[in-house]
Amino acid sequence: MKQIIEGNHAASYGAKLCRVQVIAAYPITPQTQVVEKLAEFCGEGSLKARFIEVESEHSALASCIGASAAGARAFTATSAQGLALMHELLHWAAGARLPIVMVNVNRAMAPPWSIWADQTDSLSQRDTGWLQFYCSSNQEVLDSVIQAYRVSETVSLPIMLCLDAFFLSHTSEPVDLPEQDLVDAFLPRYKPQYKLDIRDPHTFGGLAGPDHYYEMRYEIQRAMEEAKGVILKTGAEFHRLFGRSYGLVEEYRTEGAGLLLIASGAIAGTARIVVDALRDAGEKVGLLRIRVFRPFPVEEVKRACQGAAKVLVVDRNLSMGYGGIFHQEVKGTLCHEPHRPLIFGAIAGLGGRDVTPRVLEEAARRALSLDRVEEEIWWLGLKK
Amino acid sequence: MKELIEKDLSILRQEEYMSPGHLACQGCGAALAMRHVLKALGPETIVVLPACCWTVINGPFAYSSVGVPVLHTAFETAASAAAGVRAALEVLGGPEATVLAWAGDGGTFDIGLQALSGVAERDEDILYVCYDNEAYMNTGIQRSSATPLLAWTTTTPLPRPKPRPKKDMMAIMAAHRIPYAATASVAFPEDLAAKVIKAKIYRGTKFIHILTPCPPGWKSPSEQTVRLARLAVETKVFPLYEVEEGVRHRISYMPKGIPVREYLRLQDRFSHLQEEEIGRIQKLVDQAWERLVKKALW
């Protein structure tokens, strides 16, 4: 059934369809509608879950950790400052191998206060051990929640699904809400191998000395690597049942592309229009959208970049003191390739500044005109 | 209620859930407290353990010295993680269990206070026990807001011992109008067990504050732990009482009113005290006791 819903509600419907059992969340603009809707579902009884109205994001994730360790399917949602407050427990959830799914609405970090789109909040949580997905439509938000629980419960790691503030969170789009039966068939009940159970007592998270800790981290890295295959397999089955397909990356008109734009999130939607316009003008330009950031799709990025002479990575995020974060990852990924393309990096749209087709097209044309990388960072649309 | 408690007390002495081999210091009050609490609660218990001495006491990875499930969690999350466990148990059904958040004074009075307040305000169905050794003992005796007036710690070194009195945690919890709050002592195990059993029966947030002497931190002989715990009660430094629904106060043991000097002199963390300072502490203890008696009469 198709409905016109905003990205935030797509997340709520996704969680409901997954029959999440414990929700612990705290309001923050622009995520608030995610939890309001879930509270409504719980209140009217259409979702049989315990909704814990915690007093902070830190407690939100702590409660999800407790619930997940006790065997419940747990969900939370947050944004920016809230995600930063959770930081300690992001590490905890991953280290404890708990399949929690979180929706993060990408919003700029303060100060100055800003409630607008920027991916630096979630990307600065890169090394916490969470899988990270960047969605570029409301349909993808809903579908990714459903896929995320299956992936997460298979690899025993938490997943963070990101969507751009306002561009997705508050923008209404037609979204197909799948039938509950179909989702149930796709996503079985969560049955953890180990949980807090008085009939089978175990201790979780106790002090591990140098003899054990190291291997535990190795196991997480391995699970991350396995997750790529699991995401693809889960995606294939999802496609079979629901007719929609998402991979680790999405290639758009990349055939024979001499210049490959690389983007994520809502900007990738705009980039498609730019690719069309440039193709119409006879330029061989394609788009690689990176959907899964952790685990990083190294092979897919390498393969997509193989034929390209130039790559332009557009980042709505910034690692201050170096540059765009996707840009860094792409450079790192391609550094051993025998045929390395020129890799341009552009910062765009920090704090919700519009990244219009014109801005992207100008950047693409600039990349087309250059035959070496002179400036390490381009600042698109910077007021001088 | 009374019969239930007596029935449970009768089996209390036989069963042990804590096992030998734990890593507590000699004379640790916190180890004693866990032993008594688990005896009272029985095996239908899930322990949620934030960073505290018990993180170490329970044993390193692959070992545990309590025979019940344990979830280690971050310092400030005892209450919120326990609320999550409780929520899961409610949704999943399964066997009934007490969710026991077991935190030290740092994790309760300081870093975990916000989460605890949230849980208490929502009246989540957990039993929160604060074992209070009156400083950050696990990290090497740094002051917490549970450290008493004029006590030495490594962050309140002489000649400037702690200038402020201990935070009144019981009053804070009572102000949340939770169904049950109580103080307890490792020197009064029957009273402690009765309170734990009572807390197990109540629904909602229950809070038990147990004073647990710490030989390395209090600079007291390890064989004096139980005596010190008893003196804390008998001197009215740490009276034993209960608060129901945040208003009904009941003193559970009438202390002898021994001078605080007898309690302080066994602890080297107070060995610098002058007569005048002991008098000041005595006065504060007497005033707090008078306030408690008034509340209990009400």
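Residues numbered from 1 in each chain as written. Chains lettered and ligands numbered in written order. Predicted model: local features only at pLDDT ≥ 70, side-chain atom pairs only at ≥ 80, totals over all residues. Heavy atoms only, no water.

### Considering the overall build of chain A
For the record, the criterion: In DSSP terms, a helix is any run of H or I states spanning at least four residues, a strand is any run of E spanning at least two, and both are numbered starting from the N terminus. Each radius of gyration reported is based on C-alpha atoms, and the globular scaling rule is 2.2 Å times the count of residues to the power 0.38. Pairs of residues are marked as contacts when any of their non-hydrogen atoms sit within 4.5 Å. Here, Shrake-Rupley sampling with a 1.4 Å probe gives the accessible areas, and only protein chains in the shown set may cover a residue. In this count, Lys and Arg are taken as positive residues and Asp and Glu as negative ones, while His and the chain termini are left out. The location of each charge is read from NZ of Lys, CZ of Arg, CG of Asp or CD of Glu.
Broken down by element type, chain A carries 13 helices and 16 strands. Since a compact globule built from 384 residues should have a radius of gyration of about 21 Å, the 21 Å found for chain A is in line with a globular shape. At a minimum sequence separation of 6, the contacts of chain A that also span at least 24 residues come to 81%. Per element, the accessible surface of chain A, about 15,600 Å² overall, is 52% carbon and sulfur. Across chain A, 41 positive and 46 negative side-chain charges occur, with their mean positions spaced 2 Å apart.

### Side note on the domain arrangement of chain A
Many analyses report the size of an interface as the accessible area lost when the parts associate. Residue and element names in this part refer to chain A. Rule in force here: The split of the chain into domains comes from an automatic or database domain assignment. Whenever a carboxyl oxygen of Asp or Glu lies within 4 Å of a side-chain nitrogen of Lys or Arg, that contact is scored as a salt bridge. Polar contacts, as counted here, are pairs of nitrogen or oxygen atoms within 3.5 Å of one another; within protein the pair requires one atom able to donate a hydrogen and one able to accept it, and residues that are adjacent in sequence qualify only if both atoms are side-chain atoms. For this classification, Asp, Glu, Lys and Arg are treated as charged, while Ala, Val, Leu, Ile, Met, Phe, Trp, Tyr, Cys and Pro are nonpolar and the rest, including Gly, are polar.
Once the domains are mapped, chain A shows domain 1 (2-242) and domain 2 (251-379). Across the contact, 27 residues belong to domain 1 and 26 residues belong to domain 2. Summed over the shared surface of domain 1 and domain 2, the number is 4 salt bridges. Across the pair E140 and R291 runs a salt bridge, and its minimum N-O distance is 2.9 Å. Taken together, the links from domain 1 to domain 2 amount to 19 residue pairs in polar contact (both at pLDDT 80 or more). Going through the elements one at a time, helix 6 (120-123), strand 6 (131-134), helix 7 (138-155) and helix 9 (213-242) are the ones with two or more residues in the side of domain 1 that touches domain 2. Looking at side-chain class alone, the side of domain 1 that touches domain 2 contains 15 nonpolar, 7 polar and 5 charged residues.

### Side note on the state of the cysteines
Threshold: Any cysteine sulfur atom paired with another within 2.5 Å is treated as part of a disulfide.
Counted according to the given criterion, the structure contains 0 disulfides over all chains. No disulfide involves C135 of chain A; its sulfur sits 7.7 Å from the nearest other cysteine sulfur, which is in C162 of chain A. The cysteine C52 of chain B is free of any disulfide, with C53 of chain B supplying the nearest cysteine sulfur at 6.8 Å.

### Description of the interface of chain A and chain B
Operational definition: Here the buried area means the combined drop in accessible surface, using a 1.4 Å probe, for two parts upon being joined, counting both sides. For two strands to count as paired, DSSP must find a minimum of two bridges between them.
Listed as interface residues are 38 residues of chain A and, on the opposing side, 37 residues of chain B. Around 2,900 Å² of area is buried between chain A and chain B when both sides are counted, 67% of it from carbon and sulfur atoms. Ionic pairing is found between R50 of chain A and E90 of chain B, a salt bridge with its closest N-O pair at 3.2 Å. Joining chain A to chain B, the criterion identifies 12 residue pairs in polar contact (both at pLDDT 80 or more). Within the residue set of the side of chain A that touches chain B, elements represented by two or more residues are strand 3 (50-52), helix 3 (57-69), helix 5 (87-95) and strand 9 (203-204) of chain A. Residue classes in the side of chain A that touches chain B are distributed as 17 nonpolar, 12 polar and 9 charged. With 2 bridges connecting them, strand 9 of chain A and strand 2 (residues 70-72) of chain B associate as parallel partners. Among the inter-strand pairings, F204 of chain A is bridged to a residue of strand 2 of chain B, identified as L71 of chain B.

### A closer look at the sheet that holds strand 16 (residues 378-379) of chain A
All names here are of chain A. Definition in use: The angle between two axes is taken between their N-to-C directions and runs from 0 to 180 degrees, where each axis is a line fitted to C-alpha atoms and a helix contributes only its stretch in contact.
Read from one edge to the other, the open sheet built from 6 strands follows the order 10-12-11-14-15-16, with strand pairing classed as mixed. Where the open sheet ends on each side, the last strands, each with one partner, are strand 10 (249-252) and strand 16. Bridge count for strand 11 (residues 259-263) against strand 12 (residues 285-290) is 5 bridges, and the pairing is parallel. Looking at strand 12, one finds that L261 is bridged to L287. Lying on the sheet, helix 13 (residues 357-369) is in contact with strand 11, strand 12, strand 14 (310-315), strand 15 (342-347) and strand 16; it crosses strand 14 at an angle near 150°.

### Topic: the pattern of salt bridges
Residue and element names in this part refer to chain A. Spelled out, the test is: Buried residues are those whose accessible area, probed at 1.4 Å on protein chains only, stays under 20% of the maximum for their type, while exposed residues exceed 50% and partly exposed ones sit between those limits.
As enumerated under the stated definition, the model contains 45 salt bridges over all chains in all. Across the salt bridge formed by E219 and R222, the nearest N and O atoms sit 3.9 Å from each other. A residue pair is termed a helical-turn pair when its members lie 3 or 4 positions apart in one helix, as E219 and R222 do in helix 9 at 3 residues. Residue class for E219 comes out partly exposed when judged on its relative accessible area of 35%. The network of salt bridges with shared partners includes E140, E250, R272, R289 and R291.

### What about unusual backbone geometry?
Residue and element names in this part refer to chain A. Between T29 and the following residue, P30, the backbone shows a cis peptide bond with an omega angle of 5°. Along the polypeptide, P30 turns up in the loop between strand 2 (22-24) and helix 2 (32-44). The amide bond that connects R294 to the next residue, P295, takes the cis arrangement and shows omega of -5°. Within the fold, P295 resides in the loop between strand 13 (292-294) and helix 11 (298-305). Phi angles above zero are rare outside glycine, and A80 is one such case at about 40°. Tracing the sequence through the fold places A80 in helix 4 (residues 80-85).

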